[in-house]
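Chain residues, written in single-letter form:
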Amino acid sequence: MDRTRLANIAADITLKRFFTDTNVWVISRDFEDGDYAVLIKHVDPRYEYGYEYMGVFNFHSVEKAKEQHKIMLEVMAGERLIPDERKYRSNLLH
């Protein structure tokens, strides 16, 4: 996925962050290996450690990015939690 599409997702999530009451941080990140991502950190006592992360990465397909973006918006709207991190991490690389 190209930077422009990822930047559009980041802009959408950042804008919607200002209109939510959930405890969510939006993070744009460049990694040393050249990858880049937009991440959210959702703080909620229902998580094992009190927070979880999820993101959209440059190596995701457009379909995967759309799916992740949708889930992020649902988390920010308070409609759901981030999927189980152990399962999520194993899917990040695929």
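A brief look at the structure comes next. (Residues numbered from 1 in each chain as written. Predicted model: local features only at pLDDT ≥ 70, side-chain atom pairs only at ≥ 80, totals over all residues. Heavy atoms only, no water.)

This part covers the overall build of the chain. A count of helices and strands for the chain gives three helices and three strands. If you list the helices and strands of the chain from N to C, you get α-β-β-β-α-α. Considering only intrachain contacts with a sequence separation of at least 6, the fraction spanning at least 24 residues in the chain is 48%. In the form shown here, the chain has an accessible surface area of approximately 6100 Å², with 52% of it arising from carbon and sulfur atoms. (Helix = DSSP H or I, 4+ residues; strand = E, 2+ residues; numbered from the N terminus. Contact = heavy atoms within 4.5 Å. Areas by Shrake-Rupley, 256 points an atom, 1.4 Å probe, with all protein chains shown as cover.)

Right, let's talk about the pairing of strand 1 (residues 24-30) for a bit. Taken together, the seven bridges between strand 1 and strand 2 (residues 36-43) define a ladder with antiparallel strand orientation. Its bridge partner lying in strand 2, Ile27 is registered against Leu39. (Pairing = 2+ DSSP bridges.)

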